[in-house]
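# Report on the structure
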Amino acid sequence: MPLLSVKDLTIYFNTDEGQITAVEDVSFDVRRGEILGIVGESGSGKSVSTKSLMMLNGRNSQISPESRLILETDDGPVDIASLSHVKDLRLVRGHSISMIFQEPMASFAPAVKIGKQMVEQLLIHTDLDKTTAKARSIEILSRVGIPDPELRFNQFSFELSGGMRQRAMIAMALSTRPKLLIADEPTTALDVTIQAQVLALIKDLVAEFDMSVILITHDLGVIAQTADRVAVMYLGRIVEQGTTRDVITSPQHPYTQGLINSRPSLDHFEDPLTPLSGDLPSPLERPQGCVFHTRCAHAIKGLCDTQKPPVIGVAGQDPTDEDAHNTSCHLLSPSASEQVLVS
Ligand code: SF4
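Numbers given for residues are sequential positions, taken from 1 along each chain in its written order. Predicted model: local features are reported for residues with pLDDT of at least 70 only, side-chain atom pairs are reported and counted for 80 or more only, and whole-chain, interface and lining totals are derived from all residues. The basis for the side-chain values is all heavy atoms of the structure; hydrogens and waters are excluded.

### Thoughts on the overall build of the protein chain
Counting from the N terminus, the helices are the DSSP runs of H or I reaching at least four residues and the strands are the DSSP runs of E reaching at least two. What the protein chain contains, in helices and strands, is 11 helices and 13 strands. In terms of C-alpha radius of gyration, the protein chain reaches 21 Å, essentially the compact-globule figure of 20 Å for 343 residues. Taken along the three principal axes of its C-alpha coordinates, the protein chain extends 75 × 50 × 40 Å. In the protein chain, which comprises 343 residues, the share counted as buried stands at 50%. Taking all contacts inside the protein chain whose residues are at least 6 apart in sequence as the whole, residues at least 24 apart take part in 64%. Areas reported as accessible are Shrake-Rupley estimates using a 1.4 Å probe. Residue values count occlusion only from the protein chains shown. Counting every atom, the protein chain has about 16500 Å² of accessible surface; 52% of that belongs to carbon and sulfur. Two residue types count as positive, namely Lys and Arg, and two as negative, namely Asp and Glu; His and chain ends fall outside the count. For the purpose of locating charges, the reference atoms are NZ of Lys, CZ of Arg, CG of Asp and CD of Glu. Within the protein chain, one finds 30 positive and 43 negative side-chain charges whose respective centroids are separated by 7 Å. For the radius of gyration, the atom set is restricted to C-alpha positions; the globular benchmark scales as 2.2 Å times the number of residues to the power 0.38. With a 1.4 Å probe rolled over the protein chains alone, any residue whose accessible area is under 20% of its type maximum counts as buried; one over 50% counts as exposed, and the rest are partly exposed. Residues count as neighbours in contact if any of their non-hydrogen atoms are within 4.5 Å of one another.

Below you can see the structure in the form of structure tokens.
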């Protein structure tokens, strides 16, 4: 039984220009003790999908009635999509699920000392008393590699360096011992050395705290270093999913191939980069059929621009298998191959 099972998640936003579909029919599982990477350009729906797990998408958003967000909690499975009361949401937010962001300043109130914020969070989400909450906060600041944690406990977030602030944010997110940590571009604002340290820290903490992580990033290098499995998103849909090794060494979807080809290679750094052509379409003008067809060099006229590609297991794999390598592209469907041969 996975810790989290997301099935057929569709999210709309009501805007002044009309209703837009930000996420469409997204399904993925997160198993206990694993890091699932979600990768894609900005606007691909990766943050919107995960924010829905904490109901953080705002009042103009709407989840379709078919969407299921089943989280295993201490009290049994809970469908987050069916929660509406603040009391019920608290069971999830900060208790079962915590989130960290690219910019730690967004997580800390600038005029309140870090320790006070950590203790307040623990008093809200756990049964700890104030003394124990303080002890746990200092202990976890130390665990994430912050030197002199008692001193940092009594400082404001602006007194810490960027890397230290990121560690403090991770400490605050983990202090409630969540089952699932959502890390949204947690290292994008950091230089490469600190980035590597923070990613290594997240990996260590997964094992130590027996938790799972959803790691959101636009950077396949971060995925390669950190994630066990990866889901590639484009314009609100998952276009490819599988173990990190399978997806990175044998990408099947033209979009995943484009993402990989647009990255510099350390082995062949003199090779020219091949950027993805075209721009992400506006969600107000969402393409019919395969959402990638307006940028795809392999698009099959009359098929890709009209029919949504099904989810297909690569090399005959059963797409429902736990570690299956899946993609949604007509090129892999036998009927499309026949159509290409005929035309
Ligand atoms: Fe390209 Fe068609 Fe495959 Fe979409 S379904 S990625 S347009 S070949």
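What follows continues from the structure just given.
### Comments concerning the sheet that holds strand E12 (residues 312-313)
Strand pairing in a sheet relies on backbone hydrogen bonds, with the paired strands running either antiparallel or parallel. If you walk across this open sheet you meet the eight strands as E7-E8-E9-E3-E10-E11-E13-E12, and the pairing is mixed. Since the sheet does not close on itself, it has two edges, and those belong to strand E7 (97-100) and E12, each with one partner. As defined by bridge partners, strand E11 (residues 237-243) adjoins strand E13 (residues 326-327) across two bridges and the pair is classed as antiparallel. Paired with Gln241 across the two strands is Asn326, which belongs to E13. Interaxial angle, 0 to 180 degrees, is taken between N-to-C directions of lines fitted to C-alpha atoms, where a helix line uses only the stretch in contact. Sheet strands touched by helix H6 (residues 162-174): E7 and strand E8 (180-184). Its angle to E7, the strand with the most contacts, is close to 170°. Contacts between helix H10 (residues 254-261) and the sheet are confined to strand E10 (229-234) and E11, with E10 contributing the most and set at about 100° to the helix. Only strands that DSSP links by at least two bridges are regarded as paired with each other.

### Some details on the nonpolar core
What makes a nonpolar core is a set of buried Ala, Val, Leu, Ile, Met, Phe, Trp, Tyr and Cys residues whose side-chain atoms join them at distances within 4.5 Å. Counting 53 residues, the largest nonpolar core has Ile100, Ile170, Leu174, Leu205, Met211 and Val213 as its most contacted members. Take this core: its biggest share by element is eight residues, from H6. Residue ranges assigned to each domain were obtained from an automatic or database domain assignment. Counting contributing residues per domain, this core is built from domain 1 (1-96 + 180-283) and domain 2 (103-177), each supplying no fewer than three. Discounting chain neighbours no more than four positions away, the residues touching Leu174 are Ile140, Leu181, Leu205, Phe209 and Met211. Grouped together as the second largest cluster of nonpolar side chains are 33 residues, Val30, Ile80, Leu89 and Met233 included.

### Concerning the site of the ligand
Definition of nearness: a residue and a molecule or strand are near each other if at least one heavy atom of the residue lies within 4 Å of the molecule or strand. All residues in the neighbourhood of the ligand are listed as His253, Pro254, Cys290, Phe292, His293, Cys296, His298, Ala299, Cys304, Cys329, His330 and Leu331. In the scheme used here, Gly and all other residues not listed as nonpolar or charged are polar, with Ala, Val, Leu, Ile, Met, Phe, Trp, Tyr, Cys and Pro taken as nonpolar and Asp, Glu, Lys and Arg as charged. Counted by class, the shell around the ligand contains eight nonpolar, four polar and no charged residues.

### Some points on the packing of helix H3 (residues 114-125) against helix H4 (residues 130-143)
One way to put it is that H3 packs onto H4 with a least axis distance of 9 Å and a crossing angle of 125°. It follows from the interaxial angle that H3 and H4 lie oblique. Crossing geometry of H3 relative to H4 is assigned as right-handed. Counting all contacts with H3, which are made through Met118, Val119, Leu122 and Leu123, the residues of H4 involved are Lys130, Ala133, Lys134, Arg136, Ser137, Ile140 and Leu141. Residues of the contact of H3 with H4, tallied by class, amount to seven nonpolar, one polar and three charged. Any angle that is under 35 degrees is reported as roughly parallel, and any over 145 degrees as roughly antiparallel; angles of 65 to 115 degrees are reported as roughly perpendicular and all others as oblique. Crossing handedness is read from the near helix: turned anticlockwise from the far helix by less than a right angle, it gives a left-handed crossing, and turned clockwise, a right-handed one.

### Looking at the pairing of E11
When you tally the buried positions in E11, you get seven out of seven residues, the bulk of the element. With six bridges joining them, E10 and E11 adopt antiparallel strand pairing. Directly across from Met233, in E11, lies its bridge partner Ile238. Where E10 folds back on E11, the antiparallel hairpin that results is connected by two residues, among which Leu235 adopts a positive phi of roughly 45°.

As far as function goes, none of this settles anything; it's purely spatial.
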